[in-house]
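Results of the structural survey
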Amino acid sequence: MTTVTQSVPAQVHHSPTVLSALRNPKILLREVLAGLVVALALIPEAISFSIIAGVDPRVGLFSAFVMAVVISFVGGRAAMITGATGAIALVVAPVMQEYGLDHLIATVLLGGILQLVLGGLGAAKLMRFVPRSVMIGFVNALAILIFTAQLPNIIGVPWLVWPIAAAGIAIIVLLPRLTKAIPAPLVAIVVLTLVTVFASLAVPTVGDEGKLPDSLPTLFIPNVPVTLETLTTIAPYALAMALVGLLESLMTAKLVDEVTDTGSPKTREALGQGIANIASGFFGGMGGCAMIGQTMINVKASGARTRISTFLSGVFLLVLVVGLGDVVAIIPMAALVAVMVMVSVGTFDWHSIKPSTLKRMPIGETLVMVLTVVIVVATDNLAIGVIIGVIAAMIVFARRVSHFTTVDRSIETLSTGEQHARYTVEGELFFASSNDLTTQFDYSGDPDLVIIDMTRSHVWDASTVAALDAIETKYHQHGKRVEIRGMNDASQAFHGRLAGNLGAGH
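The present account deals with the structure reproduced in this document.

Parameters at a glance
Residues numbered from 1 in each chain as written. Predicted model: local features only at pLDDT ≥ 70, side-chain atom pairs only at ≥ 80, totals over all residues. Heavy atoms only, no water. Axes fitted to C-alpha atoms, helices over the stretch in contact; angles between N-to-C directions. Helix = DSSP H or I, 4+ residues; strand = E, 2+ residues; numbered from the N terminus. Contact = heavy atoms within 4.5 Å. Nonpolar A, V, L, I, M, F, W, Y, C, P; charged D, E, K, R; others polar. Buried < 20%, exposed > 50% of the residue type's maximum accessible area, 1.4 Å probe, protein only. Pairing = 2+ DSSP bridges. Polar contact = N/O pair within 3.5 Å; in protein donor to acceptor, adjacent residues only side chain to side chain.

The interhelical angle for the contact between helix α2 (residues 25-53) and helix α4 (residues 86-99), taken along N-to-C directions, is 35°, at an axis separation of 7 Å. Residues Phe49, Ile52 and Ala53 of α2 form the contact with α4, whose own contacting residues are Gly86, Ala89, Leu90, Val92, Ala93 and Met96. Class assignment for the residues of the contact of α2 with α4 results in eight nonpolar, one polar and no charged.

Below you can see the structure in the form of structure tokens.
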């Protein structure tokens, strides 16, 4: 009897393409409405980020428009929203305060160029080194920041804001149970706007956030001297902007990958961010990166999956603020608060804090996740939190792996009656596991011949080679001979190149 086995390939999920969406009225409607919802949510955020950066609201709004449209063509992650963000605003704010708008735009342009360089050098590939515990911490911190960003709009405001926001949350939660044809956040915004207008309710509106522009963006060339002094002035801020923007964008792209169960080319996304920032600068924008909250509105709350929603979010934004500014200005902030609160709730990984999950999870993983959350929330900077989280995860990993190295000693007697000591080293040898390797040997008590069996180990770094040199030196000082046997080819080549040249034991 012959048994035939057939391998079944893993199921690969594909998001609809732009062409397939254009041919499918249902998908197209979903993408269009998602773009409209995102555009409405972009307006107050772009204005508030402009205030943080110290620029006119039109700078943030035009930046959001240009970047959304450009990234929809050149970006790597479909359905991800890019625009003016708080993280970038914080980085470039000192330039605006000290040197003015022209230097700010020059910084944005240089930041975009640096992103192109970093993208070309493969910086996006570093995302593989971000562990799951840091990613969960990033997501949970993001949810907390989205929620806390809404507090100014619900604290110290007229009491009517609370029932309006509650009604918005109820619509967003309950409407999908009846129909998903129209995004619930859009329905909430329209209904609550109509209620506040016809009932003449005195509550804060989008118009209270800042004056909306009434003209289209035009080409802007920064008037700065092209000198080394200018470069040294803006370069540190441009580099910080490039790094923060790439990290936040790539982390967001990875999050969207998980939400949609699809992949995306991260190098293309890095290059796309650079192009979008350069375009933003040339139209007088303040630059930006992926907008995590708006992306979650687009992907999770509205169900968008293609570049159409990203493109239309930018187009609708421009139409709304320039052509329909008076209408947009009357939207109650409470309606947008309701949308963002539900985005926060949907973004948080509630499974990660369940007692059953925490009980099963290694304590080190949990600590890394909590540390990432604490740092991000404390600094209000996702990039800093992720970097510190990755460093903490590396330390936890190094400590864990270092305990897997064992050294077993045995005394073997030959037929001639002579004895030798055999040390069997097992495990991965690197700086964390090899630092105490020298303490595992009995230098004075061992016979004249000592064999170190490395068959079940691997030498990874110079610290291990130095430790082996130190062991040999100590035995030689006791008049004993050491033989290192069983190294694999890679370890043998590495050890042979460095042994005796590191000064260990001298």
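With that out of the way, let us pick up the pairing of strand β5 (residues 449-459). β5 sits mainly inside the fold: nine of its 11 residues count as buried. Sheet topology places strand β4 (residues 419-429) next to β5; nine bridges connect them, and they run parallel. In the sheet register, Ala421 faces β5, and the bridge partner there is Val450. For β5 and strand β6 (residues 481-485), the ladder comprises five bridges, and the chain directions are parallel. Each bridged residue has a counterpart across the sheet, and for Asp453 the counterpart in β6 is Arg485.

Another aspect to go through is the sheet that holds β5. One open sheet accounts for four strands, arranged β3-β4-β5-β6; its pairing is mixed. Among the strands making up the open sheet, the edge pair consists of β3 (406-413) and β6. When the angles between neighbouring strand axes are averaged without regard to direction, this sheet yields 20°.

Next up on the list: the side chain of Thr405. Mapped onto the secondary structure, Thr405 falls in the loop between α17 (382-402) and β3. Residue Thr405 is classed as buried on the basis of its relative accessible area, which comes to 16%. Among the polar contacts listed, one links the side chain of Thr405 to the backbone oxygen of Glu428, at a separation of 3.2 Å. Once residues within four sequence positions are removed from consideration, Thr405 is found in contact with Glu426, Gly427, Glu428, Leu429 and Ser433.

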